[in-house]
Amino acid sequence: AAGVIQSPRHLIKEKRETATLKCYPIPRHDTVYWYQQGPGQDPQFLISFYEKMQSDKGSIPDRFSAQQFSDYHSELNMSSLELGDSALYFCASSRMMGQRNTGELFFGEGSRLTVL
Amino acid sequence: LAKTTQPISMDSYEGQEVNITCSHNNIATNDYITWYQQFPSQGPRFIIQGYKTKVTNEVASLFIPADRKSSTLSLPRVSLSDTAVYYCLVAPSGSARQLTFGSGTQLTVLP
């Protein structure tokens, strides 16, 4: 079965550079979530989208932005990168059941960002 | 958002049943309870979800008491490959609302 696809899998950037992560949800999934997980940390919710509209926002820095496109894929843009941005970034997708968010998310394998 | 509390770590031996309890005192009426498993450097994997009473699937059971202020994930006959971090999440109603991972439980299965 098709899974959530994230690219790139690994990314190395210098401080103050920009980076873009992409996420392709499972077909017919209408919601996308982004999480950041630092070394030894729990996943931190960044932002979510439903039907191409931002749905909720968590601890996402102002230097980061994201959007969901008409084909439901999503991109996370990160600017002015800092050393502390080094982390695994996970994208997850799900399909709403009516207006109910049941919490069954399907996660991608993650994009590992290293900022030097 | 309902805050969840779980034990930081648990040890078990192969073949034993493991029960991990999560408290979520301020769970809302329409919230679902969901459990995830995560291996190092991998994305969390959905295990089971429920609303009340008991839910069972091929890998786990989920017990939710009537007041829904806690839930217990039960893993039957664990093996070494079940060593992972387990997270309890409360899913708020509404479209794509924030799903917050609290501090999970590191389960270590010993031979």
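A separate point is the overall build of chain A. Within chain A one finds 0 helices and 11 strands. What you see for chain A is a C-alpha radius of gyration of 14 Å, in line with the 13 Å of a compact globule of 116 residues. Overall, the C-alpha framework of chain A stretches about 45 × 30 × 30 Å when taken along its three principal axes. Across the 116 residues of chain A, 48% fall into the buried class. In chain A, 54% of the contacts between residues at least 6 apart in sequence involve partners at least 24 apart. Accessible area for chain A stands at about 5,700 Å²; split by element, carbon and sulfur atoms hold 48% of it. Of the charged side chains in chain A, 12 are positive and 13 negative; the average position of the first set lies 2 Å away from that of the second.

What follows is about the nonpolar core. By size, the foremost hydrophobic cluster in this structure holds 22 residues, and its most contacted members are W34, L76, M78, Y89 and L113 of chain A. Leave out the neighbours within four places in its chain, and Y89 of chain A touches Q6, L21, Y35, Q36, L46, F64, L76, M78, G110, S111 and L113 of chain A. Counting residues in each nonpolar core, the second largest holds 21 residues, with V18, L73, V90 and L107 of chain B among its members.

The next thing to look at is the sheet that holds strand β3 (residues 32-38) of chain B. Residues and elements named next belong to chain B. An order of β1-β9-β8-β3-β4 is seen for the 5 strands of this open sheet, with the pairing classed as mixed. Strands at the two margins of the open sheet, each flanked by one partner only, are β1 (9-13) and β4 (45-50). The mean angle between the axes of side-by-side strands here comes to 25°, regardless of whether they run parallel or antiparallel.

In this section: the pairing of strand β2 (residues 18-23) of chain B. Residue and element names in this part refer to chain B. Of the two faces of β2, only the one carrying V18, I20 and C22 is buried; N19, T21 and S23 on the other face are not. The pairing of β2 with strand β7 (residues 70-75) spans 6 bridges and is antiparallel. Opposite T21, over in β7, you have T72 as the bridge partner.

The next thing to look at is the interface of chain B and chain A. When the parts of a complex come together, some accessible area is lost, and that lost area is often taken as the interface size. Facing 24 residues of chain B, the contacting portion of chain A comprises 29 residues. Across the contact surface, chain B and chain A share 0 salt bridges. At the boundary of chain B and chain A, one finds 6 residue pairs in polar contact (both at pLDDT 80 or more). Those elements giving two or more residues to the side of chain B that touches chain A turn out to be β3, β4 and β8 (84-91) of chain B. Among the elements that take part in the side of chain B that touches chain A, β3 of chain B stands out by supplying 4 residues, more than any other. Residue composition of the side of chain B that touches chain A, grouped by class: 10 nonpolar, 13 polar and 1 charged.

All names here are of chain A. With antiparallel pairing, 4 strands are arranged side by side in an open sheet as β1-β3-β8-β7. One side of each edge strand has no neighbouring strand; the edge strands of this open sheet are β1 (5-7) and β7 (64-68). Shown here is a sheet whose adjacent strand axes are inclined to one another by a mean of 15°, direction ignored. One ladder, built from 5 bridges, connects strand β3 (residues 19-24) with strand β8 (residues 74-78); its direction is antiparallel. Its bridge partner lying in β8, C23 is registered against S74.

Here the focus is the side chain of S12 of chain B. All names here are of chain B. Turning to its location among the elements, S12 is positioned in strand β1. S12 gets classed as buried once you look at its relative accessible area, which sits at 4%. The residues contacting S12, other than those within four sequence positions of it, are V18, V78, L107, T108, V109 and L110.

Here we come to the state of the cysteines. All chains considered together, the criterion is met by 2 disulfides over all chains. A disulfide bridge connects C23 of chain A with C91 of chain A, and the sulfur atoms are separated by 1.7 Å. Disulfide C23 of chain A to C91 of chain A: torsion about the S-S bond roughly -55°, handedness left-handed. Of this pair, C23 of chain A sits in strand β3 while C91 of chain A sits in strand β9 (residues 87-94), placing them 68 residues apart in sequence. Given a relative accessible area of 0%, C23 of chain A falls into the buried group. Residue classification places C91 of chain A among the buried residues on the basis of a relative accessible area of 0%. Across a sulfur-sulfur distance of 2.3 Å, C22 of chain B and C88 of chain B are joined as a disulfide pair. In this structure, the disulfide formed by C22 of chain B and C88 of chain B twists by about -75° around the S-S bond and is classed as left-handed. Pair noted here: C22 of chain B is in strand β2 and C88 of chain B is in strand β8, with a separation of 66 residues, a long-range link. C88 of chain B matches C22 of chain B in its accessibility class, with the two residues each being buried.

Conventions we followed
All residue numbers refer to position in the chain's written sequence, counted from 1. Here every chain gets a letter starting at A, and every ligand a number starting at 1, in the order they are written. Selection of residues for local features in this predicted model requires a pLDDT of at least 70, selection of side-chain atom pairs for listing and counting requires 80 or more, and totals for whole chains, interfaces and linings are taken over all residues. With hydrogens and water set aside, each side-chain value is computed from the structure's full complement of heavy atoms. Helix and strand assignments follow DSSP, with helices taken as H or I runs no shorter than four residues and strands as E runs no shorter than two, numbered in order from the N terminus. Between the two quantities, the radius of gyration covers C-alpha atoms and the globule rule is 2.2 Å times the number of residues to the power 0.38. For the exposure calls, accessible area comes from a 1.4 Å probe over protein chains only, and a residue counts as buried if that area is under 20% of its type's maximum, exposed if over 50%, partly exposed in between. The contact rule is simple, with two residues in contact once any of their heavy atoms fall within 4.5 Å. Accessible surface area values rest on a Shrake-Rupley calculation with a 1.4 Å probe, where residue burial reflects the displayed protein chains alone. In summary, the charge assignment counts Lys and Arg as positive and Asp and Glu as negative, without counting His or the chain termini. Taken as the charge location is NZ of Lys, CZ of Arg, CG of Asp or CD of Glu. Within this scheme, the nonpolar core is defined by two criteria: the residues are buried Ala, Val, Leu, Ile, Met, Phe, Trp, Tyr or Cys, and they are joined through side-chain atoms within 4.5 Å. DSSP calls a pair of strands paired once it identifies at least 2 bridges connecting them. Axis definition: a line fitted to C-alpha atoms, limited for helices to the stretch in contact. Angles are taken between N-to-C directions and run from 0 to 180 degrees. Salt bridges are counted wherever a side-chain nitrogen of Lys or Arg sits within 4 Å of a carboxyl oxygen of Asp or Glu. The definition of a polar contact used here is a pair of N or O atoms within 3.5 Å, where within protein one atom must be able to donate a hydrogen and the other to accept one, and adjacent residues in sequence count solely through side-chain atom pairs. Throughout this entry, Asp, Glu, Lys and Arg are counted as charged residues, while Ala, Val, Leu, Ile, Met, Phe, Trp, Tyr, Cys and Pro are counted as nonpolar. The remaining residues, Gly among them, count as polar. The disulfide definition used here is simple: a pair of cysteine sulfur atoms within 2.5 Å.

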